[in-house]
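Overview (structure and organization)
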Amino acid sequence: MSSVHRSRRSMLVAALGALATTSGLPALASDTGRQMPRVKLALAASQSLYHLPLTVAEHMGFFRQTGVQVEWLPHESGAQALNSVLNGQADVMAGAYEHLFGLHQKGLPYQSFVQMSRTPQVSLGGSTRSGKAWRSMADIRGTRLGVSALDSTTHWMACQWLRRHGMSQDEVMFVEVGSSTGVLDALRSGSIDALCNPDPIMHWLEQKNEIRLLGETRTLTGTRKVMGGAVPGASLMTHTDYLQRHPERVQALTDAVVMALKWLPTAGLTDILKTVPPSHWSWDRAAYLGAFEKLRESYAVDGLVRGEEVSRAWQVHAHLKPTPSPSRIFPERTFTNAFAQAAQSAQRLRSRATG
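Definitions and limits used
Residues numbered from 1 in each chain as written. Predicted model: local features only at pLDDT ≥ 70, side-chain atom pairs only at ≥ 80, totals over all residues. Heavy atoms only, no water. Pairing = 2+ DSSP bridges. Helix = DSSP H or I, 4+ residues; strand = E, 2+ residues; numbered from the N terminus. Axes fitted to C-alpha atoms, helices over the stretch in contact; angles between N-to-C directions. Contact = heavy atoms within 4.5 Å. Polar contact = N/O pair within 3.5 Å; in protein donor to acceptor, adjacent residues only side chain to side chain. Core = buried A, V, L, I, M, F, W, Y, C linked by side-chain atoms within 4.5 Å. Buried < 20%, exposed > 50% of the residue type's maximum accessible area, 1.4 Å probe, protein only. Salt bridge = Lys/Arg side-chain N within 4 Å of Asp/Glu carboxyl O. Parallel < 35°, antiparallel > 145°, perpendicular 65-115°, else oblique. Nonpolar A, V, L, I, M, F, W, Y, C, P; charged D, E, K, R; others polar.

Pairing between the strands of a sheet comes from backbone hydrogen bonds, and it takes one of two forms, parallel or antiparallel. The five strands are arranged β7-β6-β8-β5-β9 in an open sheet whose pairing can be described as mixed. The open sheet has two edge strands with one neighbour each: β7 (173-176) and β9 (211-216). Within this sheet the neighbouring strands show an average axis-to-axis angle of 25 degrees, counted without direction. Where strand β6 (residues 144-147) and strand β8 (residues 194-198) come together, two bridges link them in parallel fashion. Pairing of Leu-145 across the sheet is with Ala-194, part of β8. Packed on one face of the sheet, helix α6 (residues 153-164) meets β5 (122-127), β6, β7, β8 and β9 and runs near 70 degrees to β5.

Shown next, in the form of structure tokens:
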């Protein structure tokens, strides 16, 4: 084992030791040298830009480099992806941070261990086929509003837009349309009047003049307008029991995602096309790249979760889904930075070793 790998290993042990003192997890045992096994990862909108860090980590070979094999379990919505974790079909979920609030309200100790974005990365717009002028968000009142699913980030963000503009959730009819081909079918058939979804589909519809955009959380500016500041977006999350039993798998996933996050700010459009499979953008390469440019700043820079951003997201979520006992939620218990911090230390060691 190289000196760099031994040093990295020592830091991982130290980080997990610190994690044990705060969440009851044991420190990592000695290195067995065995190869990382397969991890089943559930996610929705798998070909969207929402999960671009995972796509990069897979196709740049970062998962392979860190010693983990990922088995992808795609779903039409985050709610479905979460259910696959809860019923044991998946080990880890990639999805909206807000899912953790609902889990903790139910007494389920899940945690985010690496953050992939710092905005919700969804937009809301009205269909130009409906004949409405769509002058402002107020025009959304009384419409059939398409979301990927109830209790998904598209649903929660639509509710937040309504709230910010003085409307209640009952003033629209939510229609579940998924996050793939069903979106276009619903929009073009007239089954929905408006849509809240991630990119690149929203950017593509906007470019084709099929959607009149009313609100966006692609950018930090757009997110501040509706959320009051930055909030955690897409994250990898799992049960604390999984963190305890498989810390090396979790660290390998985290290392690969952090490597992808470090690569993304330096990537040119040609780099994106070389890395992302054609199936993700072949229907409209220009729209995919245009959407990426709008989203570039939304990706996390280091994988760390910021406590103040979690608190802000919880304050918003608590207004959207009030419960009889909000004191049960402790936002700081919904995440751990031990793995992302270890990944950062490993990157610094690699940089020094290669420099």
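This brings us to the side chain of Ser-123. With respect to the element layout, Ser-123 can be found in strand β5. In this structure the side chain of Ser-123 is engaged in a polar contact, spanning 3.3 Å, whose partner is the side chain of Arg-218. Aside from chain neighbours lying at most four places away, what touches Ser-123 is Trp-161, Leu-195, Cys-196, Asn-197, Met-202, Leu-213, Gly-215, Glu-216 and Arg-218.

Turning to the pairing of β6, a few remarks are in order. In the sheet, β6 pairs with β7 via four bridges, with the strands oriented parallel. Bridging from a neighbouring strand, Arg-144 pairs with Met-173 of β7.

Below, the discussion takes up the nonpolar core. Counting residues in each nonpolar core, the largest one holds 90 residues, and the members touching the most others are Ile-140 and Leu-236. When sequence neighbours within four positions are dropped, the list of residues in contact with Leu-236 reads Leu-41, Leu-54, Val-92, Met-93, Ala-94, Gln-111, Ser-112, Phe-113, Val-114, Met-116, Leu-253 and Val-257. Core analysis: the next-biggest nonpolar cluster, separate from the first, contains 14 residues, Val-177, Ile-192, Leu-195 and Leu-205 among them.

Let us look at the pattern of salt bridges. Applying the stated rule across the entire model yields 10 salt bridges. Across the pair Arg-188 and Glu-210 runs a salt bridge whose closest N-O atoms are separated by 2.8 Å. Placement of the pair is Arg-188 in helix α7 (residues 181-189) and Glu-210 in the loop between α8 (201-207) and β9, with a sequence separation of 22 residues. Assessed through its relative accessible area of 11%, Glu-210 is described here as buried. For Arg-218, the salt bridge is made with Glu-206, and the minimal N-O distance between the two is 3.4 Å. Placement of Arg-218 in the loop between β9 and α9 (220-227) and of Glu-206 in helix α8 is noted, with a sequence separation of 12 residues between them.

Moving on, we come to the packing of α6 against α9. Their axes nearest at 9 Å, the elements α6 and α9 cross at an angle of 60 degrees. Taken together, α6 and α9 sit at an angle that is classed as oblique. Residues Met-157, Gln-160, Trp-161 and Arg-164 of α6 lie in contact with α9, whose contacting residues are Lys-225, Val-226 and Met-227. Of the residues belonging to the contact of α6 with α9, the class tally is four nonpolar, one polar and two charged.

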